[in-house]
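# Residue-level structural notes
Here is what each chain is made of, one letter per residue.
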Amino acid sequence: MNGGDEVAAATPAGPPPPLEWKFSQVFGERTAGEELQEVDIISAIEFDKTGDHLATGDRGGRVVLFERTDTKDHGGSRRDLERMDYPITRHPEFRYKTEFQSHEPEFDYLKSLEIEEKINKIRWCQTANGALFLLSTNDKTIKFWKVQEKKVKKISEMNVDPSKAVGNGSVASSSNSSAPKPYLANGGCTDRLNNSPGNDFSIPAGGFPSLRLPVVVTSAETSLVARCRRVYAHAHDYHINSISNNSDGETFISADDLRINLWNLEISNQSFNIVDVKPANMEDLTEVITSAEFHPNQCNMLAYSSSKGSIRLIDLRQSALCDSHAKLFEEQEAPGSRSFFTEIIASISDIKFAKDGRYLLSRDYMTLKLWDINMDSGPVSTFQVHEYLRPKLCDLYENDSIFDKFECCLSGDGSRVATGSYSNLFRVFGCSPGSTETTTLEASKNPMRRQVQTPSRPSRSLTTLTRVVRRAGAESPGVDANGNSFDSATKLLHLAWHPTENSIACAAANSLYMYYA
């Protein structure tokens with residue numbers, strides 16, 4: 001009888017409609033003509049697992065924390081909210097919480113190298129007892145931070161007679177007394193104390209009748225205190241490009257160009273080298289590690305990408321030193337397509353696991369690729385991001401833009417992916433079966449002004465950008481034959497997707513822009 005209903009239910013639904021993105025907030029927006037300070041440029045963005053906190057790091061070594069406010073403003077219990085006849089359609093809103101200096105510039109005397117304070121990566125750890133924990137790293141040193149609200153303690157009573165107290169807390173006394181000098185029981189003379197220039201108060205004749213110790217009370221005021229709990233140093237010869245927490249909550253990895261180390265959060269003076277791609281002779285070096293990340297659910301699995309465009313999935317149960325990989329993901333290049341730039345643009349700058357751990361997203365210079373970890377024959381989907389820049393690769397090589405490292409991110413439900421581009425643009429692609437969603441947005445208060453829907457085909461560019469915002473000191477934007485304009489001086493490298501909602505935070509120089517759909 002219900003057969004018709006069952007058939008209808010079994011019919012696969014079409015791809016979700018494209019999202020309409022709206023501006024939410026901006027922090028650190030520059031006014032017209034304001035000079036950009038190098039130390040203020042954002043270099044890392046990360047949401048925590050709940051999405052209630054957001055952290056950013058900058059080139060000046062600072063970490064800034066933001067907390068979500070819209071979830072606290074509803075009022076009433078959850079049961080009361082469920083009884084409401086209308087749904088609450090509020091988008092995530094954040095406010096500044098605190099900031100602290102995570103890293104300082106250092107100097108390596110053995111190698112005569114300056115170690116800059118720039119924050120390369122931030123990763124949130126599990127919260128405990130109302131405190132926030134996070135890892136931050138620069139090129140060489142990883143730090144484990146605890147951020148906690150502490151109640152302010154104040155001194156309520158001093159060892160003075162309140163009836164004789166004056167404005168600054170000292171006791172009034174006559175300086176021209178003709179009385180004989182009183183002596184204390186232990187033989188000391190109060191005159192010496194009275195005339196001592198370092199004393200704020202004078203002891204009355206005969207001493208204090210009773211001794212009242214200062215009383216310290218805890219006030220209702222609270223202040224946020226960031227404390228560095230541990231420092232993980234001296235374990236990397238090359239620049240750290242990635243850190244990633246394990247799902248076991250106890251360990252994390254750090255990766256540089258040639259090695260990946262496994263750490264225990266509680267032990268800062270010892271790490272285990274689990275991947276080492278350094279050849280016996282450095283002249284034989286053909287590829288370097290560019291990014292590494294733990295599987296979100298399986299604590300024994302991790303993936304790392306290379307400058308040759310390959311991704312290796314390794315299983316820590318196989319051996320202590322994971323020289324051999326469990327799976328290799330790479331796409332074979334088309335015959336006859338090799339050029340001087342082939343290896344440069346194939347280098348993967350970032351990889352991210354989907355929330356369920358089934359899919360893996362990678363970003364190289366030209367494309368975004370989505371991989372199924374159960375299928376190593378090739379990517380499930382390829383999204384063209386910079387195809388329109390292919391004729392300009394020579395110019396991009398000359399000004400080093402071809403080496404820019406763009407990050408990527410996935411939505412919490414895994415149905416969309418996003419990455420940054422030039423001219424402060426970022427792109428959102430639908431990756432559900434049958435989806436053709438391709439949206440280009442600008443990091444500004446009007447994100448849709450450059451948005452143009454075009455098919456996601458390799459032979460065509462994704463956007464038709466007809467104009468570009470000229471910034472002071474920016475290079476002249478190039479325009480290709482299709483009218484695509486870009487400004488290689490303004491690039492959007494860092495962005496993060498809220499773990500549970502369609503909300504994106506992205507960094508345009510020193511400004512943090514937030515959007516929702």
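Residues numbered from 1 in each chain as written. Predicted model: local features only at pLDDT ≥ 70, side-chain atom pairs only at ≥ 80, totals over all residues. Heavy atoms only, no water.

If you look the chain up in an unreviewed UniProt entry, it shows as Serine/threonine-protein phosphatase 2A 55 kDa regulatory subunit B from Linum tenue. UniProt, in its Function (unreviewed entry) section for the chain, records the words "The B regulatory subunit may modulate substrate selectivity and catalytic activity, and may also direct the localization of the catalytic enzyme to a particular subcellular compartment." Under the UniProt heading Sequence similarities (unreviewed entry), the entry covering the chain gives this text: "Belongs to the phosphatase 2A regulatory subunit B family." (UniProt positions renumbered as here; feature names shortened; annotations may be inferred.)

## Structural notes on the sheet that holds strand β30 (residues 495-497)
Strands pair in a sheet through their backbones, by hydrogen bonds, and they do so in one of two ways: parallel or antiparallel. Taken in spatial order, the four strands make up an open sheet running β1-β32-β31-β30, and their pairing is antiparallel. Looking at which strands have only one partner, the edges of the open sheet turn out to be β1 (22-27) and β30. Geometrically, the sheet is characterised by an average inter-axis angle of 20° between neighbouring strands, direction not taken into account. Judged from the six bridges that link them, strand β31 (residues 503-508) and strand β32 (residues 511-516) form a sheet pairing that is antiparallel. From the neighbouring strand, Cys506 faces β32, where its bridge partner is Tyr513. (Pairing = 2+ DSSP bridges. Helix = DSSP H or I, 4+ residues; strand = E, 2+ residues; numbered from the N terminus. Axes fitted to C-alpha atoms, helices over the stretch in contact; angles between N-to-C directions.)

## A short note on the sheet that holds strand β16 (residues 289-294)
As summarised here, the arrangement of the four strands in space is β16-β17-β18-β19, forming an open sheet in which the pairing is antiparallel. Of all the strands in the sheet, just β16 and β19 (327-329) have a single pairing partner and so form its edges. Each strand of the sheet is rotated relative to its neighbour by a mean of 20°, with strand direction disregarded. With five bridges connecting them, β16 and strand β17 (residues 301-306) associate as antiparallel partners. Directly across from Phe294, in β17, lies its bridge partner Leu302.

## Points about the confidence of the model for the chain
Mean pLDDT over the chain stands at 82; residues scoring 70 or higher make up 77%. Scored below 50 in pLDDT, residues 4-11 makes zero contacts in the model with residues more than four places away or belonging to other chains. The low-confidence segment residues 165-179 (pLDDT under 50) makes twelve contacts with residues lying over four places distant or belonging to another chain. (pLDDT = per-residue confidence, 0-100. Contact = heavy atoms within 4.5 Å.)

## A few points about the pairing of strand β27 (residues 438-442)
Most of β27 sits out of view: five of its five residues are buried. Here β27 shows a buried face lined by Thr438, Thr440 and Glu442 and a second buried face lined by Thr439 and Leu441. In this sheet, β27 lies alongside strand β26 (residues 425-430) in antiparallel orientation, the contact comprising five bridges. Opposite Leu425, over in β27, you have Glu442 as the bridge partner. (Buried < 20%, exposed > 50% of the residue type's maximum accessible area, 1.4 Å probe, protein only.)

## Examining the pairing of β26
β26 sits mainly inside the fold: six of its six residues count as buried. Residues of β26 alternate between two faces, with Leu425, Arg427 and Phe429 on one and Phe426, Val428 and Gly430 on the opposite face, all of them buried. Where strand β25 (residues 416-420) lies against β26, five bridges are found, and the strand directions are antiparallel. Bridge assignment links Arg416 to a residue of β26, and that residue is Gly430. Where β25 folds back onto β26 in an antiparallel hairpin, the turn is made up of four residues, including Ser423, whose phi is positive at roughly 60°.

## Notes on the pattern of salt bridges
Inspection of the entire model under this criterion finds 23 salt bridges. Residue Arg123 pairs with Glu46 through a salt bridge whose shortest N-O separation is 3.0 Å. With Arg123 in strand β8 (residues 121-124) and Glu46 in strand β2 (residues 42-47), this pair connects stretches of sequence that are 77 residues apart. Summarising the burial analysis for this pair, Arg123 and Glu46 share the class buried. In this structure, Lys111 and Asp237 form a salt bridge, with 4.0 Å as the shortest nitrogen-oxygen distance. (Salt bridge = Lys/Arg side-chain N within 4 Å of Asp/Glu carboxyl O.)

## Overview of the state of the cysteines
The final tally for this structure, using the stated rule, is zero disulfides. Cys408 forms no disulfide, and the closest cysteine sulfur to it belongs to Cys409, at a distance of 7.1 Å. The exposure class assigned to Cys408 is buried, which follows from its relative accessible area of 0%. (Disulfide = S-S within 2.5 Å.)

## Some remarks on unusual backbone geometry
The bulk of non-glycine residues show a negative phi, and the bulk of peptide bonds are trans. The residue Asn129 is not glycine, and still its phi comes out positive at about 55°. Of note, Asn129 is situated in the loop between β8 and β9 (132-137). A positive phi angle is found at Asn424, which is not glycine, with a value near 55°. Of note, Asn424 is situated in the loop between β25 and β26.

## Looking at empty space enclosed by the protein
For the coordinates displayed, the defined rule picks out four cavities of 30 Å³ or more. Considering only enclosed or pocket space, the largest cavity measures out at about 50 Å³ in volume. Elements with a contribution of two residues or more to the lining of the largest cavity: β2 and β8. Here the residues of the lining of the largest cavity are counted per class, giving three nonpolar, no polar and five charged. (1 Å grid on protein atoms, 1.4 Å probe; cavity = no way out; pocket = protein on both sides within 12 Å on 5 of 7 lines; lining within 4 Å. Points joined across faces, edges and corners; volume = space filled by probe spheres on them. Nonpolar A, V, L, I, M, F, W, Y, C, P; charged D, E, K, R; others polar.)

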